[in-house]
Amino acid sequence: MSYINAFLVGGAICAVGQVLIDKTKLTPARILVLFVVSGVFLTALGIYQKLVDFAGAGATIPLTGFGYNLAKGVFNEVDQTGLTGALTGGFKAAAAGLGAVITFGYIMSVVAKPKAKR
Amino acid sequence: MAEKHLGKQTVYFAKPPSIRATASIVGPKEGKGNLRQSFDYIIPDELWGEDSWEKAESKLVRETLAKVLQKGSMSNDQIEYVLAGDLLNQCIAANYGLRETDIPFFGLFGACSTMAESMSLGSMLIDGGYADNVVCVTSSHFCSAERQFRYPLELGSQRAPTSQWTVTGSGAALLTSEQTGPFIRHVTTGKINDMGIKDTNNMGAAMAPAAADTILTHFADTGLVPDYYDLIITGDLGKVGKKICLDLLKMNGLDIENRYNDCGVMIFDTKQQDTHSGGSGCGCSATVFAGYIYKEIMKGNLKRVLFIATGALMSPVSTQQKESIPGIAHAVAIHRSLD
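The structure reproduced in this document is the subject of the present report. For every chain, the first residue of the written sequence is number 1, and numbering continues from 1 along that sequence. Ligands are numbered from 1 and chains lettered from A, in the order in which they are written. A pLDDT threshold of at least 70 governs which residues receive local features in this predicted model, and a stricter bar of 80 or more applies before side-chain atom pairs are shown or counted, although totals over entire chains, interfaces and linings include all residues. Hydrogens and water molecules were not included; the side-chain quantities draw on all heavy atoms of the structure.

1. Some remarks on unusual backbone geometry
Residue and element names in this part refer to chain B.
So, step 1. The omega angle of the peptide bond from Gly181 to Pro182 is -5°, so this bond is cis rather than trans.
So, step 2. To qualify as a helix, a DSSP run of H or I must reach at least 4 residues; to qualify as a strand, a run of E must reach at least 2; elements of each kind are numbered from the N terminus. Its location among the elements puts Pro182 in the loop between β9 (169-176) and β10 (183-188).
So, step 3. Despite not being glycine, Ala111 has its phi angle at roughly 50°, a positive value.
So, step 4. Structurally, Ala111 can be placed in the loop between β6 (105-107) and α3 (114-127).
So, step 5. For Lys322, which is not glycine, the phi dihedral falls at a positive 65°.
So, step 6. Relative accessibility decides the category of a residue: with a 1.4 Å probe and only protein chains considered, values under 20% of the type maximum give buried, values over 50% give exposed, and everything between is partly exposed. The exposure class assigned to Lys322 is exposed, which follows from its relative accessible area of 55%.

Structure, rendered in structure tokens:
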């Protein structure tokens, strides 16, 4: 059942991106930023947590999940260390993800070559 | 009053230059498209043995120049000028592709209109008596153009439905003063035309008004009617821009639908090849002209062709500063014989 939930929610989030590409003039970069910021807002409003509880990785893997991660990190850090947590929490929560992105991105750029689209 | 100038924007050649030979080299995707039979060579992969897309594009220019000289039975030292351009910053595909040729070089930037621009200027050089043999060559490459204008391929961005596919390919024409034909009879130089389109995924719409304007001006300046031509063909408006161009012409009382086509629409099988609105890029009109159109003229299937290459004159910087996209279109009239 959890697989189906993850598929439905993750697929729905990606479908929103496809509709934005097809029906609006937003560039891919803007859509990516929009997704991250939406994730932050939905988490702040308490909505995204419900989605994560329901769909698990279906909600945390799409880019909105990165916004969720940032916002949740801020909430936790503010609870523990006070207001400076608003500045540090997001970075701490995202540190593992960003570190992995840079490390693996670098390794892949060394070993792999980009190919043309067909 | 200049005696060879007709009306507002058109030039009439008293001794029209001939197109002695053309050459076209295209990428693998174009080599699977509708016009695959008409190209001289299809490269096996987009890098063609080079280590970057940009170097591969320079190689396209270099090899297409060599091919057109071979087909025209001429050597580098018989060519007085080479006129060339492409889409990359500072036109590096042409600059590096031609640096070892030892031919006097004029670099041009007319975006995707560069093929018609170079043929216009080349014809004027010859009719003016400044040269006997001129090569016009332009190129584009899907992978280098994506990096230049949109996103590097590494990012793996999705494409919008109105977006066009930059053609990987290079086309060249060898113009001479000899009277063998096919001849370049008229040239109508376009004006910059900006209707305020800002969407870089919809260049066809940005360029269509420029194409319509140049076509209308060509007929007004020359007093000819569309029936005079067997084919009126624009460069890379794509499906979206082609329809806009036809509508704009109809609003101005000119119906060319039964003899009109667009290189960007013709080059790919848009349904099978997922190219959305069609092909684009300097290489689109250049390879379709050097391949399909020239061969049809030589076979006698087309007697008179009005070739209008279209360009979008924006840069990534102007796009980031939210500027609209200026369009341009240059027309070249080609006749099989002088009658």
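Past the structure itself, the notes keep going.
2. Re the pairing of strand β14 (residues 304-312) of chain B
All names here are of chain B.
So, step 1. Burial runs high along β14: 8 of the 9 residues are buried.
So, step 2. Two strands pair under a simple rule: DSSP has to find at least two bridges between them. As defined by bridge partners, strand β11 (residues 231-234) adjoins β14 across 4 bridges and the pair is classed as parallel. Bridge pairing in β14 links Leu231 to Val305.
So, step 3. Relative to strand β15 (residues 327-335), β14 runs antiparallel, the two sharing 9 bridges.

3. Examining the packing of helix α1 (residues 2-23) of chain A against helix α3 (residues 47-55) of chain A
Two quantities define a packed helix pair, namely the angle between the axes and the distance from one axis to the other.
Residue and element names in this part refer to chain A.
So, step 1. Where helices are involved, their axes are fitted lines through C-alpha atoms of the stretch in contact, as for all axes, and angles between N-to-C directions lie from 0 to 180°. At a minimum axis distance of 8 Å, the contact between α1 and α3 shows a crossing angle of 135°. One way to sum up the angle between α1 and α3 is to call them oblique. Along its contact with α1, which presents Asn5, Ala6, Val9 and Ile13, the element α3 presents Tyr48, Leu51, Phe54 and Ala55.
So, step 2. Grouping the constituent residues of the contact of α1 with α3 by class yields 7 nonpolar, 1 polar and no charged. Under this scheme an angle from 65 to 115 degrees is roughly perpendicular, one under 35 degrees roughly parallel, and one over 145 degrees roughly antiparallel; angles in between are oblique. Should any heavy atoms of two residues lie within 4.5 Å, those residues are counted as being in contact. Any residue that is not Ala, Val, Leu, Ile, Met, Phe, Trp, Tyr, Cys, Pro, Asp, Glu, Lys or Arg is counted as polar, Gly included; the first ten are nonpolar and the last four charged.

4. Structural notes on the packing of aromatic side chains
Residues and elements named next belong to chain B.
So, step 1. Only the six-membered ring of Trp is used, alongside the rings of Phe and Tyr, when aromatic pairs are assigned; centres must lie within 6.5 Å, and planes under 30 degrees apart are stacked while those over 60 apart are edge-to-face, with the rest tilted. Counted under the stated rule, the structure contains 7 aromatic pairs over all chains.
So, step 2. Between Tyr228 and Tyr229, the ring centres sit 5.3 Å apart and the planes meet at 85°, which makes this aromatic pair edge-to-face.
So, step 3. One aromatic cluster is present, built from ring pairs that chain together Phe219, Tyr228 and Tyr229.
So, step 4. The positively charged end of Lys29 is found above the aromatic ring belonging to Trp165, 4.0 Å away from the centroid.
So, step 5. Geometry around Tyr228 places Arg304 over its ring, the cationic atom sitting 4.1 Å from the centre. Here, a charge over a ring is recorded when the distance from Lys NZ or Arg CZ to the ring centre is within 6 Å and its angle to the ring normal is within 35 degrees.

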